[in-house]
Amino acid sequence: MQYTSQTLERIISELSKLPGIGRKTAQRLAFHVLKQPRNEVAILAQSLLDLKEKIIRCSLCFNITETDPCSICMNTKRDRRTICVVEEANDVLAIERTDQYRGLYHVLGGLLNPLDGIGPGDIRIKELLERVDSMQEVILAINPNVSGDATIMYIAEKLSGLPVKISRIARGIPIGSDLEFADMTTLTRAMEGRVTVR
Amino acid sequence: MAIRQTEAIVLKTMTYGETSKILTVLSKDHGKISLLAKGARDTKSKYGGSLEPFTHINVVYYEKEGRELQYLSEASVLNGFLGIPCSLERLYPAMAVLEVCSRVVHGNEEHPKLFELVRQTLEGLSKTSKRPMNGLLYFMAQLASLLGYRLEAERCSHCLHLMEQSNFKFNVEYGRVVCGACPPALQSTTLTLTKETVAILAQLNKSNGAGVFNLAISENSGREVFRVLLKHLQYHLDELTSLNTLPFLNAS
């Protein structure tokens, strides 16, 4: 259906390009914005523009930031001998939410995927290797899937000659779930990754 | 809408929406199928690790005719082939098997022999501690046979004499191995092969899979066999002209 306002038609068309937003949701959002006071709409519009204009990649860890280097890389209280390798910047947010990790990060920007032709040159592995010299431990916090495994093995192979501890995050049963319903693959990995209690 | 149950091997996955996945699987009874697994990436998903590439699963899905994407209802692991993602030497050939299979199978063609070949090759790759590339070579030789393009290597395809000399040519256009004594007209687009390569090709044709990883193949011969099989398959199957996994195999 075409609206009587071309402006409304345009905003609905633009909003429906966003992930998970269909035309109906876009229409609801557009009418919601229309009902908001002008200053609130201005804040929203300015925030969207700032997102593109102010946010950059940290030149050290490739996390998203407004200052280069980012606040994590600049923080002298963080453990500068440990680096946590993640796939995307939102994985940094997930780990930071735990408030348990105090080291640095490295954002790869993707994973090796031979089936799609994504090789080591397409992600930031070279930049990681340049940072590892001064590290004691590299933690590979990468999604537990086949691409993740390929990436982990590739990085481990590249770092094999260096005096650095390489670890990967544990794979297994989510807290609160039942063993009875765990699939064979997850349960096997959980058994392999068991830790000593006593 | 019909409910279907079949064995399948996951060939490829891609993310869909916030927590879902779209799988391409090779099924035992219904060929290649695309399945939507809702919520599969959620940590509390009932599918867990059962939808990763290589996994041999039993699936239940809802099939609607005319729809390209079917809805997955249940999946249980029959074999995770967990040895494959433990080393790049096994992972790259296994991924090449999946890619070749994904490209040569179209639509819902039932192909139980191909399914068994893929399952058997992945099982071998998962268990082997030596020469994983042999698994890929075996798969390619057997695939050519299954599709009707068996690469004859026991006898010269022109004069039919047994291959007992030391000079051999592979004629890409004819898809034949010919001996050095045969007329040059048949050898217009050829690769020169060693005696070892021709012997390996013959063994791969005859092999039933068991023991293929025990075949002692030198690195050079392995590369030559791979090159011949790839050129042979590529000549007959346009789908294989630019394999994504090829640079990974060459680098390993």
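Shown above is the structure to which this text applies.
All chains use their own residue numbering, which begins from 1 and follows the written sequence. Lettering of chains starts at A and numbering of ligands starts at 1, both following the order in which they are written. Only residues with pLDDT of at least 70 are given local features in this predicted model, and only at 80 or more are side-chain atom pairs given and counted; all residues enter the totals for whole chains, interfaces and linings. By convention in this description, side-chain values take in all heavy atoms of the structure and omit both hydrogens and water.

**Description of the sheet that holds strand E8 (residues 190-193) of chain B**
All names here are of chain B. At least two bridges found by DSSP between two strands are what make those strands a pair. Secondary structure elements follow DSSP: runs of H or I of four or more residues count as helices, runs of E of two or more count as strands, with numbering from the N terminus. Read across the open sheet, the 3 strands follow the order E7-E6-E8; overall the sheet is antiparallel. Pairing within the sheet leaves two strands with one partner each, and these edge strands are strand E7 (176-179) and E8. Pairs of neighbouring strands in the sheet enclose a mean axial angle of 30°, with direction left out of account. Examined bridge by bridge, strand E6 (residues 168-171) and E7 share 4 bridges and lie antiparallel to one another. Along E7, the bridge assignment pairs Phe170 with Val177. By definition, residues are in contact when any of their heavy atoms lie within 4.5 Å. Every angle, taken between N-to-C directions, lies between 0 and 180 degrees, and every axis is a line fitted to C-alpha atoms, over only the stretch in contact when it is a helix. Sheet strands in contact with helix H4 (residues 195-206) are E6, E7 and E8, and its direction is about 100° off that of E8.

**Description of a nonpolar patch on the surface**
Distance thresholds for patches are 9 Å for like charges and 5 Å for nonpolar side chains (Val, Leu, Ile, Met, Phe, Trp, Tyr), applied to residues having over 30% relative accessible area and no salt bridge. Surface exposure here means Shrake-Rupley accessible area, sampled with a 1.4 Å probe, where a residue is shielded only by the protein chains that are shown. Salt bridge, as used here, is a side-chain nitrogen of Lys or Arg placed within 4 Å of a carboxyl oxygen of Asp or Glu. A cluster of nonpolar side chains, namely Leu44, Leu48, Leu51, Ile55 and Ile64 of chain A, defines an oily patch on the protein surface of about 450 Å² accessible area. By secondary structure assignment, the location of Leu48 of chain A is in helix H3 (residues 38-54).

**Section: the interface of chain B and chain A**
Taken together, the contacts link 28 residues of chain B with 22 residues of chain A. Ranking the residues of chain B by area buried against chain A places Leu82, Leu88 and Phe248 of chain B at the top, with a combined share of 27%. Taken together, the connections running from chain B to chain A amount to 1 salt bridge. Between Asp116 of chain A and Lys12 of chain B there is a salt bridge, with its nearest N and O atoms 3.0 Å apart. Here a polar contact is recorded for every N or O atom pair within 3.5 Å, except that within protein the pair must consist of a potential hydrogen donor and a potential acceptor, and residues adjacent in sequence are included only if both atoms are side-chain atoms. On the surface where chain B and chain A come into contact, there are 6 residue pairs in polar contact (both at pLDDT 80 or more). Secondary structure elements with two or more residues in the side of chain B that touches chain A: strand E1 (2-16), strand E5 (69-79) and helix H1 (88-104) of chain B. At 7 residues, H1 of chain B tops the list of elements feeding residues into the side of chain B that touches chain A. Residues are sorted three ways: Asp, Glu, Lys and Arg are charged, Ala, Val, Leu, Ile, Met, Phe, Trp, Tyr, Cys and Pro are nonpolar, and all the rest, Gly among them, are polar. The residue makeup of the side of chain B that touches chain A, split by class, is 15 nonpolar, 9 polar and 4 charged. The term buried area means the drop in 1.4 Å probe accessible area that two parts suffer when joined, counted for both and summed.

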